Every structure is written in C-alpha cells, then in structure tokens.
Amino acid sequence: MKSYNFDSLKFATEGLTGFGCTVIQDNANLPSFMIPINKRTNAQLYEGGSQKTHSAFVVDDVEYKRFFMSKFLNCIINGRAYSWPGMDPAAVIDYDASHAACNAKGAGFHLMSIPERAVINHLIYKSGFVPRGNTQYGKSHSHTYEAGEQTADESDGSGGRRTTRTATGSGPATWFHDGTRNGIADWVGNVWKWGSGMRIKDGEIQIFVGNLAAKQVAHTDASTYWKAILPTGALVEPGTSGTLKYTKDLKIATATGGAGTNSTSNFGSLAAASGVTIPEILYELMLAPKTGVTHSGGFWINTEGERLPIVGAGFHDTSDSGPSALSLYNVRSRVHANLGFFSAFMELESVI
C-alpha cells in the first residue's frame, strides 16, 4: 500500500491529475511540477523494438521504475531550475549553465537527457497526436488562432514589436505533449531545449551508457563518460575505427567525410550510408528515424568540433518545428533568446 505524503500542494496535484503530475521539492524546499514517466521496453515504444528496457530507465546497469520530466519549461530562481506555470522560460543560457541550474537542486535532478526525450517522443508517435506550440512568434504556425501569453518580444524589423517567448503552459491543450493539460507544456516550440548525455565530435555520435546523465556525471568536453557507437551497437572509446558518424550530406556513416553544415526540414530524411547498418540504440534514442514513423521536425548538423544537442524547436522555426526537431549545430557556449531547457529527476534509490 502506498504511504501518502499529505503535503497539501503535492497531494492536491496528484489527486486532481490522477498522479498524472506530482510535486517534487529540491534542496531549497521549493517545489517543481513533474510528470512521471513509467518504465517501458523498446518493444512497447516503437515497431520492431526488442524487449530491452529503454536506456532512460537504466543507470549503472540498475533498472529504475520511472523518471520525472518537468511539466513546464524551466525558470531559474536563486541559481536553481524550476518547473512552474506562467513563467518566462529561462533563455539566453548555455549548455553548462543549464546543467549547473539543474544540478544545484540536489541529487537526482539533472538536465533532460536525450534518452528521456526519446521515450516521450516515442510515446507521442505511438499515440498519433503530434503536439503544436509557439512556433511563429507567439502562435502556432499551422493553427494561427492558437496563442500563448507574451513574456518577451523583439523588433519586427519594421518599427514594431513581435512576441517571442510565451509564458510556460499558457498555450492551449494542443501545446502539451499528449494534447491534454495533464501533459508536458511547450514540448514543441517556445524555446529550444538543451539535451544531455549525447553529442557529436567531428561528426562522431557519442552518448553516455544508459541514463548516466541522471547521476550528474561530468559532461565536459574531456569527460571519460562519452562513448562512441559501432554499427553492431557496441559502445567503444571515441575515435575507435569504424564508429558511426553523421555526415554533412545527412547520412549515418562510418566515415565523416569533409567538415561542414547542412539541414533538412524533416528528421525522417536521415538515412544510412551504403553498406552501413543502423543499430537498435540509435532508434531507441531517436537519433535515427524508424521506418513507418511520420516525423515532425527538422535536423541540423555541423560536423566541425564538438556540437551539443538542442531539441523541439523555438518560437520562429515554423514548419521545421516538431517533436523530432534536433539540432547538432551548436557549441556548448551558445546562448540565444530562444534557447532554454527542461530539468528532469530520477529517484536513484527507488528500484524494482
């Protein structure tokens, strides 16, 4: 039998949402609204997946029963990240500062990881509902009657002003990941979201094992936690011969080719180079498009040096926006008015 915490905010939130949302306090005793995401296998998440437990639920070879995703894009109060409604989302923040704001909350809190993002995206495409968002200066580019509450603006280039960011959760239900207000707000649009536990280095795809991001392990350029991927799915040291890379011609290959940049309006356009097998781990982490899924969102690449992922698109990305939107173009020091983050939480002591 569950032992209930009768903290009034937590109890009311769980009761009103049927445990679709809860409240988690940090080391400053301040709350964040968080969405529990229960453990799944790859077979439950996408066609052709194995019975392997998805990486988002595995830390140091231990399986955990769930993780928690921020319900709202995060704001920052006294150096800590918070998932609160009706706020101007934190923006103009780089990769390392986003990590710091999440880690400052205490053990288990972390910057949303690419495995966690993948689980939610797989569930979105399984459901058949694709969320919209603030993708055209305060409104949906495809449904322009859908709008959020302005929290920031910029020059429109002709003497006027136009909306950029909108208040967290202020859009309609279609701006939540599952099409209901019990879901995650602004999963698409408003601001791009930094993702942890994945990067490219000179085009080479590098990840952490499982969901080590939940342990706040080092994400520095020189961190020893980065692993490259062979076409067999084996994880090896970066720079090992024959590892998988993204190329500037939008292929997944074992040779990088020349350094450069490119983009496509649809993530589903990515394909394996001739003779290259895409392993399950890339489908699992939604780093390669699965046949049969109609993706929404573009893909951007820069194969020179270290590039960190941002996902979900921002307030001016229009038809390039969507759950699958993935940019591997930005260095870790990049800041912009349309670049923010979600924090996540995993109770690492709670296992099944």
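In the block above lies the structure referred to throughout.
Please read these numbers as outputs of a predicted model, since none were measured by experiment.

*Asks:* I keep staring at the overall build of the protein chain and nothing clicks. Help me out?
*Replies:* When helices and strands are counted, the protein chain shows 5 helices and 26 strands. For 352 residues, the compact-globule formula gives about 20 Å, and the C-alpha radius of gyration of the protein chain, at 19 Å, lands near that figure. With the principal axes as the frame, the protein chain shows a C-alpha extent of 60 × 55 × 35 Å. For the protein chain, the residues scored as buried account for 54% of the 352 residues in total. Across the protein chain, every contact between residues at least 6 apart in sequence was considered, and the portion connecting residues at least 24 apart equals 65%.

*Asks:* Honestly, the pairing of strand 1 (residues 22–25) in this entry has me stumped. Any pointers?
*Replies:* Here strand 1 runs beside strand 2 (residues 31–38); their pairing, made up of 4 bridges, is antiparallel. By the bridge assignment for strand 2, Thr22 is matched with Met34. Two successive antiparallel strands, strand 1 and strand 2, enclose a turn made up of 5 residues, where Asn29 displays a positive phi of approximately 60°.

*Asks:* What is the right way to look at the packing of aromatic side chains in this model?
*Replies:* Aromatic ring pairs are defined here through the distance separating the ring centres and the angle between the ring planes. In this structure the tally under the stated criterion is 13 aromatic pairs. Aromatic side chains Phe57 and Phe67 sit 5.4 Å apart centroid to centroid with 35° between the ring planes, which places their arrangement in the tilted category. With Phe57 in the loop between helix 2 (42–45) and strand 3 (58–59) and Phe67 in strand 5 (residues 66–70), the pair connects residues that are 10 residues apart, well separated along the chain. Each member of the pair, Phe57 as well as Phe67, is classed as buried. Pairwise contacts between aromatic rings join Phe68, Phe109 and Phe345 into one cluster. Across the ring face of Phe109, the terminal group of Lys105 is positioned such that the distance to the ring centre comes to 4.7 Å.

*Asks:* Can you walk me through the nonpolar core in this structure?
*Replies:* One broad trend across soluble globular proteins is that nonpolar side chains are buried collectively. Judged by nonpolar contacts, the single largest core of 76 residues is most densely connected at Tyr246 and Leu287. Considering every element that reaches this core, the biggest residue donor is helix 4 (residues 114–127), with 6 residues. In terms of nonpolar packing, the next biggest core, distinct from the first, is built from 5 residues, Ile24, Met34, Phe109 and Phe345 among them.

*Asks:* Teacher, can you tell me more about the sheet that holds strand 26 (residues 343–345) here?
*Replies:* What the 5 strands build is an open sheet, ordered 1-2-5-26-8; its pairing is antiparallel. Edge positions in the sheet fall to strand 1 and strand 8 (109–111), since each of these pairs with one other strand and no more. For this sheet, the mean angle separating the axes of adjacent strands, direction not counted, is 40°. With 5 bridges joining them, strand 2 and strand 5 adopt antiparallel strand pairing.

*Asks:* What exactly am I supposed to notice about the environment of Arg332 here?
*Replies:* When you line up the elements, Arg332 lands in the loop between strand 24 (326–330) and strand 25 (339–340). We classify Arg332 as buried; its relative accessible area is 14%. Between the alpha carbons of Arg332 and Ala97 there is a distance of 9.4 Å; along the sequence they are 235 residues apart. Beyond its immediate stretch of four places on either side in the chain, Arg332 contacts Asp94, Tyr95, Asp96, Trp194, His219, Thr220, Asp221, Glu306 and Leu308. Of the polar contacts made by the side chain of Arg332, one reaches the side chain of Asp96; its length is 2.8 Å. Side chain to side chain, Arg332 and Glu306 meet in a polar contact 2.7 Å long.

*Asks:* Any chance you could explain helix 3 (residues 95–103) here in plain terms?
*Replies:* It helps to recall that an α-helix has 3.6 residues per turn; residues three or four apart then point in one direction. Along helix 3, the residues that are buried comprise Tyr95, Ser98, His99, Ala101 and Cys102. Take helix 3 and look down its axis: the buried residues cluster within an arc of 165°, on one side only. Packing partners of the buried residues in helix 3 comprise strand 6 (74–77), strand 7 (80–83), strand 8, strand 13 (192–194), strand 23 (306–311) and strand 26. Of the residues that open helix 3, the one with a side-chain oxygen 3.2 Å from the backbone nitrogen of Asp96 is Asp94.

*Asks:* Explanation requested: the environment of Met69 in the structure shown.
*Replies:* Examined against the element boundaries, Met69 turns out to sit in strand 5. Among the residues examined, Met69 registers a relative accessible area of 0% and is labelled buried. Once residues lying within four places of it in the same chain are set aside, the contact partners of Met69 are Phe33, Met34, Ile35, Met112, Glu116, Ile120, Ile184, Trp187, Phe342, Ser343 and Ala344.

*Asks:* Mind showing me how you'd approach helix 4 here?
*Replies:* Helix length check: helix 4, at 14 residues, gives a terminal C-alpha distance of 20 Å against a target of 20 Å (1.5 Å per residue), a fit within 8%. In terms of burial, helix 4 is a largely internal element, 11 of the 14 residues being buried. The set of residues buried in helix 4 consists of Ile114, Pro115, Glu116, Arg117, Ala118, Val119, Ile120, Asn121, His122, Ile124 and Tyr125. Looking at the residues trailing helix 4, positive phi occurs at Gly128, about 90°.

*Asks:* What exactly am I supposed to notice about unusual backbone geometry here?
*Replies:* Apart from glycine, the bulk of residues carry a negative phi angle, and the bulk of peptide bonds sit in the trans form. Phi at Tyr137 takes a positive value of approximately 50°, unusual for a residue other than glycine. With respect to the secondary-structure elements, Tyr137 resides in the loop between strand 9 (133–134) and strand 10 (153–155). On the accessibility criterion, Tyr137 (24% relative accessible area) is partly exposed. Of note, Gln216 is a non-glycine position whose phi angle comes to about 60°, a positive value. Relative to the assigned elements, Gln216 resides in the loop between strand 15 (204–207) and strand 16 (227–229). Residue class for Gln216 comes out partly exposed when judged on its relative accessible area of 27%.

Cut-offs applied
- Residues numbered from 1 in each chain as written.
- Predicted model: local features only at pLDDT ≥ 70, side-chain atom pairs only at ≥ 80, totals over all residues.
- Heavy atoms only, no water.
- Helix = DSSP H or I, 4+ residues; strand = E, 2+ residues; numbered from the N terminus.
- Rg over C-alpha atoms; globule rule 2.2 N^0.38 Å.
- Buried < 20%, exposed > 50% of the residue type's maximum accessible area, 1.4 Å probe, protein only.
- Contact = heavy atoms within 4.5 Å.
- Pairing = 2+ DSSP bridges.
- Phe/Tyr/Trp six-rings, centres within 6.5 Å; stacked < 30°, edge-to-face > 60°.
- Lys NZ or Arg CZ within 6 Å of the ring centre and 35° of its normal.
- Core = buried A, V, L, I, M, F, W, Y, C linked by side-chain atoms within 4.5 Å.
- Axes fitted to C-alpha atoms, helices over the stretch in contact; angles between N-to-C directions.
- Polar contact = N/O pair within 3.5 Å; in protein donor to acceptor, adjacent residues only side chain to side chain.
- Arc of directions from axis to C-beta.
- Expected span 1.5 Å × (residues − 1).

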